[in-house]
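What follows is the residue order along each chain.
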Amino acid sequence: MKLKKALLVCLLPAFVIGGCGKTTTDETENTTKQESAVEETVQDEQETGDTETESEASGEDADKETEASKDLFAMDTYMTLTAYGEHAQEAVDKAAERVEALDALLSTGNENSEIYQLNQNGEATLSEEGGYLVERALGLYKKTEGAFDIAIYPVMQAWGFPTQDYHVPDDDTLKEKLALADASKVNYNKDTRKIFFDQDGMEIDLGGIAKGYTSSQIMQIYQDCGVTSGLVNLGGNVQALGCKTDGSKWRVAIQSPDDTEEYLGILEIEDQAVITSGGYERYFEEDGVTYHHIIDPATGYPADSGLISVTIVSDDGTLADGLSTSLFIMGEEKAAQFWRENSDEFEAIMETSDGKLYVTEGIADSLTTDMDVTVIEK
């Protein structure tokens, strides 16, 4: 049985989509609901009947800590940035500027972005940020044996996911687009940051790691501003700086993929990113069949690996973002073996379509859940 949600008070400013979060019946923590309903940040216990609070993350009086929080819409999702401390407002303002700059730089739909221009021209000299992300993406492509592929964009377009003009592509179209989805044909020189494609019609999309990279960048901005306790929620991607201001760990609730009124469990974290991928995030139905947006580069169809939710926990937001998709495509057995070979870099929580929950041993003691858990050991 999964943890059930109940009414709660809203800690951070409510999202335009999704609104305030909800606590479990066994928890009285304040919670903020993430726009994508992937995870929720759960704050510590509060003895209050108020429906809104302003600085409750530590349980201390508001005048002992300065809280700054900002909501914005970027990267096609609603985001909340929160920081605590003397320079909290400065940190949040600078972080918001950084988010908007990265969105303008990396968007596939913005005609002024360098990724849009690259896709149109087939070659470009990238910025430092764009070059870094391409380098990381190509590294993940090799490491995951093709499960993470930024060249999948033409296939995504064939399904209509970028434009929300959803439809099942015919076999000829899918075959044509799948031939373009090959990141090994992306040529990048990290010294000059020049990039070009081997085949006409190829396009890339860095969306699979962009939000994870952005959250890590925000953590660096917080630190540069002297903030030691903060949180970012980028449409379901959560990353925390340090602990809460009372020294206790942040608590993140993992959304159930088959019931928006339930959690898989609640995870305690410190200085880590928690990023979940699931087919329930974006999907459509046609002729009675449901098609989700996580496309397997090997087939061109939505991944059918037996997994319905994958959560990655890592101090590297970029890595966590990329691996949440990659392990979803791999399936439980291959994903478990991949973790064993790279267990110093991340931890994972995976739910299968038959309702089984698998948790890697490094975070097994940090997860509270009512589900039966199989611990993946090295």
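The following paragraphs examine the structure supplied in this document. (Residues numbered from 1 in each chain as written. Predicted model: local features only at pLDDT ≥ 70, side-chain atom pairs only at ≥ 80, totals over all residues. Heavy atoms only, no water.)

### Some remarks on the pairing of strand β11 (residues 237-241)
Working note: regular strand, side chains alternate between the two faces of the sheet.
Then, in step 1: With five of five residues buried, β11 lies mostly within the body of the structure.
Then, in step 2: The alternating pattern of β11 places N237, Q239 and L241 on one face and V238 and A240 on the opposite face, and all of these are buried.
Then, in step 3: Pairing geometry for strand β10 (residues 229-234) and β11, over five bridges, is antiparallel. Across the sheet, G230 pairs through a bridge with L241, a residue of β11.
Then, in step 4: The pairing of β11 with strand β14 (residues 273-278) spans two bridges and is antiparallel. From the neighbouring strand, Q239 faces β14, where its bridge partner is A273. (Buried < 20%, exposed > 50% of the residue type's maximum accessible area, 1.4 Å probe, protein only. Helix = DSSP H or I, 4+ residues; strand = E, 2+ residues; numbered from the N terminus. Pairing = 2+ DSSP bridges.)

### Considering the nonpolar core
Generally speaking, a soluble globular protein has its nonpolar side chains buried in company with each other.
Then, in step 1: If you look at the biggest cluster of nonpolar residues, it comprises 73 residues, and the most contacted ones within it are L81, I218, Y222 and L327.
Then, in step 2: Residues contacting L327, with those up to four places away along its chain left out, are L307, V310, I312, A335, F338, F346 and A348.
Then, in step 3: A240, V252, V313 and I349 belong to the second largest nonpolar core, which has 18 residues in total. (Core = buried A, V, L, I, M, F, W, Y, C linked by side-chain atoms within 4.5 Å. Contact = heavy atoms within 4.5 Å.)

### Observations regarding the sheet that holds strand β8 (residues 186-189)
Then, in step 1: The strand order across the open sheet formed by three strands is β7-β9-β8, and the pairing between neighbours is antiparallel. Unpaired on one side and paired on the other, β7 (123-125) and β8 mark the two borders of the sheet. Neighbour-to-neighbour, the strand axes of this sheet turn through a mean angle of 10°, independent of strand direction.
Then, in step 2: The pairing of β7 with strand β9 (residues 194-197) spans three bridges and is classified as antiparallel. (Axes fitted to C-alpha atoms, helices over the stretch in contact; angles between N-to-C directions.)

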